[in-house]
Amino acid sequence: MTNNNSKTNTKKIFNFKNIEKFLLFFLILTIIVFILWPILAVFYKSLIINGSFNFTCYHALFVKNYKLLLNSLFISCTSTFFAVLLGLIIALYITYLKLPGKLFIFLVLLLTMISPPFVTSLAYIMLFGRRGLITYKLLGLHLNPYGWHGIILMQTISQASIAALIILGILRSIDKKFEQSSMDLGANGLRTLFKVTLPLAKSGIIAAALIVFVRSLADFGTPIIIGGGYKVLATEAYLNVIGLYNLPNASAMSVLLLIPALIAFILYRKMINNSNFYSAKKNSFDNFSINLPHWFTGGIAIITYLFIIFILLKYATIFWGAFAKTWGIDYSFSLKHISKLNINKLGSFFRSIKYSIIAGIAGSIIALILSYIIERKKIYGNNIIDFIVTLPFMIPGIFFGIGYVLAFHSKPLLLTGTGFIVIVNCIYRQLPLGTKAGSSVLSQLNPEMESSARDLGANEFFLFKDIILPNMKSAFLLSFINTFTATMTTIGAVIFLITPSSKIATVEMFDAIKNGNIGTGAVLANLIIFTVLIINLLFTWFLLREKKTKTNYKKSKISYVSTIEPNY
Amino acid sequence: MRERGKLFILLGIGLIFCLFAGNIIYASNSNSKIKLFGAYEGKEKIFSTFTKDTGIKIEYLDMSSGEVLARLKAEKGTPLADIWFGGGVDSFIAAKNNGLLIPYISKESKYIPEKYKDPEGYWTGLSIVLISFIVNTDIAKELNIPIPQTWSALINPKFKDEISMSNPAISGTAYTILTGILQTMGKTKGWEFIGKLNKNIDYYAKRGSEPYTKAALGEVMVGLATDTGIELQREGYPIITVFPKDGIFWCPSPVAILKGTTNPEGAKKFVDWCLSERGQKVLSNNCPRIPTRKGVEIPKLLKSVENTELQKINFEEAGKLRTSIIEEWKNKFDK
C-alpha cells in the first residue's frame, strides 16, 4: 500500500517536472517572440535603411528635432510633479483625515482607471474649451486650453489617480508605531508627517513618480487632441506613421522616447530592490491618526474635493452625452443615439468583450506562472526574463504597435490581420503588472512554508496547487481587472493591428465621432465604462467572497490596494 | 474552495479554446464576404443596400487615407482587406506607385470621365469630394462676422483663431486645399495666400475629423472640411455648409482593389456595383457628393454648386509633388 502510493507520487513528480520544463520553455519562447522580437524589429527598422546600416534618422532627429525631446521631457517632468503632488494629497486625505467619503473617493479613483479615449477629451473640450460650458459660458473666461498647459492639466488629473493609489498603498503599510513614538516624544502632527511619515513613504512616492513619468512620456492621445501646436515625441511618432508613411523615422523617434523611459525604469527597479516596503507589516493601530492642523487638513480636503468634482463632472458629461439630443448644444433627453446602435456597432462591442475576457484570463495565467518562475525557480537568467517581461510597461503603446506590424507581417510569423494578434498584443502589453502583482504576493509568502510542505511530503504539483495558487488569487484578480480594462479601452497599440473583421468598440466609437455622431460615440463610451465597471465588481466580488471567512470586507479591500502598491 | 479554484481555471481555459476555435471556423467561412478599408459618409446604408442587391456581406473599418496607406506599406501585400473605398486620391496614387493595388477596369468604367479615373484602372473615382467651409452660425452671430462666402474672406484678421484646418501631412482634405491653392494661384501667390490664412489658424489639427467637430462644438467658427456638415446639421448643430464662390477645390474619391485580396471576385462585383447607375444613385443618396458617372443626378444639396466652375487640378502632379510640398509647408508653417 505504502509502496504503491510512493510509486504514483514519483510518477507524478516526474510528470509535473516535465510539464514544468515544457511550460517554462514555452513561456520564455513566447516572451521572446511577443515582447523582445517586436522591439528589436523597431530598432532594426530605424537603423537599417535600404539594406545598409546608418544613423540618418537619428542624426536628423537630434539636429532638427531635439526640441521634440525637450518638449516631451518638459511635459513629462511637469505633469509628474503635479500628478504626484495631487496624488499624495488625495492619499493623505484617505489615510489621515477624519472626514467622510473615503470609500467614495477610493471608488472614484478606481473609476478614473476606466477612461475610454477620445470621449474623455471631448468632454474636457466641452467643459473647459474655448467656448466650454464652465470656462466660457459659466465663468465668462476667454481661455485657450490648447497647448502645453492643457496637456499638463489633463495628464496631471488623469495620472493623479494612479499616483494616489500607489502612495495610498505605501502610507497604509507604514508601521504606525513610528508615528506614535514621534507624537509621544512631543512632535506635533505636521512635524511627524514631514519628518517621519513622508521619509518612510519616500521610496513609494518616488516609485509613483517614475511610473507617472513613463506613462506621461508615452501618452500620445492627450497631446494629439489638446496639445494644439505643441509637439511631443509620442505624437510625432504616430503622425510619422499615419501622415508621412515614414516608418524608419517613426521607429527612430520611438527609440529616442525609449531612452528617458529606460533610465526611469532602471531607477525604479533599483528603488524597489533597495527598499523594504514589501515586508512592512500591516499596521496594528487601526484607529490611530496623527493630529494635523486645521489649515493643513482644510487645504488637503479642498484640493481633494475639487479633484473629485472635476472627475465626476467629466464622467457625468460623458454619461449625459449618450442621452442628450445634441452633444454640447441641446441637453434635452433623447433616445435617438441609443436607437442608432445596430448589429454592426454592437458586434464590435461584443467582440471587444470577448477579446478582453480572453486577454484577461490568458494574460493573468501567463503572468502568474511567470512570476512563480521568476520568484521561486532560480533558473539561470531569470533576471533577464524579469527585465524583458517588464519592458512593455514603459514602452509607448505606439512603439509596441509599430513593432507588432513590423515583426508579424511576414512569414514565418505571419499573424497580422488576425484577431489573435490583437489579443496577444494586449496580453503582453499588460503582462508586467500581472507578474509584478504575482511577485509581490510570492515575496510576502514565506518560502519556509513551501519548504515545510515539501518536508511533509508534498510534491511540486501539490505545492503549486495548494500553497501558491490559493495565495495568488488577489494577484490574479488584479491582473485580470487590469488587462480586461486596458483591452476594453485600448487604441494606441492596436490601431495598426485592427482589420475589418477584428474591429473593436474603441475603434467603432472613434468612427462615430469622426463622422459627426458624437452622441453615438458617447453611447459606446458608456457601454464600455459600465461593462468594465460591472466585470470589475463581479470579479472582485467573486474572488473576495472566498476570503470572507478569514477577514471582513474592509480588510480585503485594503489588501487589494496594497497589491497595487509598489508594483504597478 | 480548492475545487472551485480548479474549476474556475479549467473553465477559463475551456472558454479560451472555444473562442479561438469559434474564431477559426468563423474566419474560414468568408467566401461571400468582402473586407473593406475606407472613409465614406453614410457607408452603413450604402453597404447594407449592396448586401441586399448581391448577397455579399461587407465588413469594414473606417480609416483615413493616410492610415490605410501606412498600413498597406507596412504589411507589404499581406491580405488585410479586399477593397479600399473612398479617401483622398493622392494616397491612391501613392499606393499605385508602391505596387499596393491591383488594376481592374470595370465594365461600368466607360461611363466615368477620364479625369476621374486612373488610365490603367488601378483606381476609379466614385464621386467628387468638394472642400467646403463648415460654419457655426451661432459663433458668427456672437462675433458679429458675416458668414464667409469666399476663400479671400478667410484671410481677414477678424477670423483670428476662428479657423480650423488639419495638418496636410496627415489629412487628405487639407492636402487637397494646399495643392488647390498652389495650382490655381501659382506658386508664389499661392504660398503667400497660405501664409495669410495661416495667421488665422491657431494650430493645425492632427486628425482629419477635428476641424468640423470643433466648428460644431463652437470651438472655432469655421472648419475647413469635406462633406460632414450635413450630418452635423442633422444632429442638431448650428452649422451651415458654404461652398466658396471664388473656387471650389475638389478631388475624386476613388475605389480600388487591394493587392493580396482573398476574394477578388467579390471585390470586382463591389466595384462594378459602385460604378453602376444603381450604385451611384445609392452612393449619392447617402452621401451628398457629385457622382462621377455621367447622367446620374446631383444631390439636391449641391444644386447651388452645379454652375460654379470646379478648379482645374492636376492630381497626377499633386500626387508626385506631395512629399516636396508637404516638406515646404512644414518648414514654413508647421507650428
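Refer to the structure printed above.
Every value quoted in this text rests on a predicted model; they were computed, and no experiment measured them. (Residues numbered from 1 in each chain as written. Chains lettered and ligands numbered in written order. Predicted model: local features only at pLDDT ≥ 70, side-chain atom pairs only at ≥ 80, totals over all residues. Heavy atoms only, no water.)

Remarks on the overall build of chain B
To keep it simple, the criterion reads: A run of H or I in DSSP counts as a helix once it spans at least four residues, and a run of E counts as a strand once it spans at least two, with each numbered from the N terminus. Here's how the labels work: a residue is buried when its accessible area is under 20% of the maximum for its type, exposed when over 50%, partly exposed in between, all with a 1.4 Å probe on protein chains only. Here a residue-residue contact requires only that any non-hydrogen atoms of the pair lie within 4.5 Å. Only the protein chains shown count as covering a residue, and every accessible area follows the Shrake-Rupley method with a 1.4 Å probe.
Each helix and strand counted, chain B has twelve helices and twelve strands in total. Out of the 335 residues in chain B, the part that is buried amounts to 60%. A sequence separation of at least 24 residues applies to 74% of the contacts in chain B between residues at least 6 apart. Carbon and sulfur atoms form 55% of the exposed surface of chain B, whose accessible area is close to 13900 Å².

Side note on the interface of chain A and chain B
Operational definition: We define buried area as the total accessible area lost by two parts upon association, computed with a 1.4 Å probe and summed across both. The working definition used for a salt bridge is a side-chain nitrogen of Lys or Arg within 4 Å of a carboxyl oxygen of Asp or Glu.
Taken together, the contact pairs 82 residues of chain A with 72 residues of chain B. Between chain A and chain B, a total of about 6400 Å² is buried, with carbon and sulfur atoms accounting for 57% of that surface. Remark: the boundary between chain A and chain B carries four salt bridges. For R131(A), the salt bridge identified is with E162(B), shortest N-O distance 2.7 Å.

Describing the packing of helix α3 (residues 102–111) of chain A against helix α6 (residues 148–173) of chain A
Residues and elements named next belong to chain A. Formally: The angle between two axes is taken between their N-to-C directions and runs from 0 to 180 degrees, where each axis is a line fitted to C-alpha atoms and a helix contributes only its stretch in contact. Every angle not falling under 35 degrees, over 145, or within 65 to 115 is termed oblique; those three ranges are roughly parallel, roughly antiparallel and roughly perpendicular. The hand of a helix crossing depends on one turn: near helix anticlockwise from the far one by less than a right angle means left-handed, and clockwise means right-handed. Throughout this entry, Asp, Glu, Lys and Arg are counted as charged residues, while Ala, Val, Leu, Ile, Met, Phe, Trp, Tyr, Cys and Pro are counted as nonpolar. The remaining residues, Gly among them, count as polar.
Look at α3 against α6: their axes get within 9 Å of each other, and the N-to-C directions meet at 125°. Comparing their axes, α6 and α3 come out oblique. Remark: the crossing between α3 and α6 carries left-handed chirality. Each of F106, L109 and L110 in α3 lies in contact with α6, whose residues at this interface are S161, A164, L165 and L168. When its residues are assigned to classes, the contact of α3 with α6 shows six nonpolar, one polar and no charged.

Considerations on the pattern of salt bridges
The full count for this structure, using the stated rule, is 19 salt bridges over all chains. Put simply, K96(B) and E120(B) hold a salt bridge, and the shortest N to O gap is 3.1 Å. Here K96(B), found in helix α4 (residues 89–97), pairs with E120(B), found in the loop between β4 (101–102) and β5 (124–130); they are 24 residues apart in sequence, far enough to count as distant. The class for E120(B) is partly exposed, based on a relative accessible area of 47%. The partner of E328(B) in a salt bridge is K332(B), with the nearest N and O atoms 2.9 Å apart. You can see E328(B) and its partner K332(B) sitting in helix α12 (residues 315–333), four residues apart, about one turn around the helix. The class for E328(B) is partly exposed, based on a relative accessible area of 27%. Look at K332(B) and you get partly exposed, because its relative accessible area is 44%. Each member of the salt-bridge network shares a partner with another, and the members are R130(A), R131(A), E142(B) and E162(B).

Comments concerning empty space enclosed by the protein
Put simply, the rule reads: Buriedness of a pocket was judged along seven lines, with at least five required to meet protein on both sides within 12 Å; pockets are open sets of points on a 1 Å grid over the protein atoms alone, cavities are sets where a 1.4 Å probe fits but cannot get out, and lining residues have an atom within 4 Å of a point. Grid points are joined across faces, edges and corners, and a volume is the space filled by probe spheres set on the points.
A complete count under the given rule lists 16 cavities of 30 Å³ or more for this structure. The space that makes up the largest cavity amounts to roughly 650 Å³. Taken together, 37 residues line the largest cavity, and the ones lying closest to its centre are A39(B), S64(B), T173(B), G208(B) and T226(B). Looking at the lining of the largest cavity, the elements with two or more residues in it are α10 (233–242) and α21 (505–514) of chain A together with α3 (65–75), α6 (172–185), β9 (222–225) and β11 (250–258) of chain B. A breakdown of the residues in the lining of the largest cavity according to their chemical character gives 13 nonpolar, 16 polar and eight charged.

What about a nonpolar patch on the surface?
Residues and elements named next belong to chain A. Here is the rule we go by: Candidates for patches are residues over 30% relative accessible area with no salt bridge; among them, like charges are joined within 9 Å and nonpolar side chains (Val, Leu, Ile, Met, Phe, Trp, Tyr) within 5 Å.
A contiguous nonpolar surface patch, about 980 Å² in accessible area, is contributed by F319, W320, Y331, F333, L335, I338, F530, I534, L538 and W541. Residue assignment for the nonpolar patch shows that the elements contributing at least two residues are α12 (294–321), β4 (330–333) and α22 (518–545). The dominant element in the nonpolar patch, judged by the number of residues it contributes, is α22, at four residues. Following the sequence through the fold, Y331 ends up in strand β4.

A word on the side chain of T30(A)
Residues and elements named next belong to chain A. To keep things clear, this is the line we draw: Here a polar contact means two N or O atoms within 3.5 Å. Within protein one must be a hydrogen donor candidate and the other an acceptor candidate, and residues neighboring in sequence count only if both atoms are side-chain atoms.
Secondary-structure assignment places T30 in helix α1 (residues 2–47). A residue is classified by how much of its surface remains accessible, and T30, at 9% relative accessible area, is buried. Within the structure, the side chain of T30 is placed 2.7 Å from the backbone oxygen of L27, a separation counted as a polar contact. Among all residues touching T30, those that are not within four sequence positions of it are I35 and Y428.

Keep in mind that these numbers describe shape and distance, not what the molecule does.
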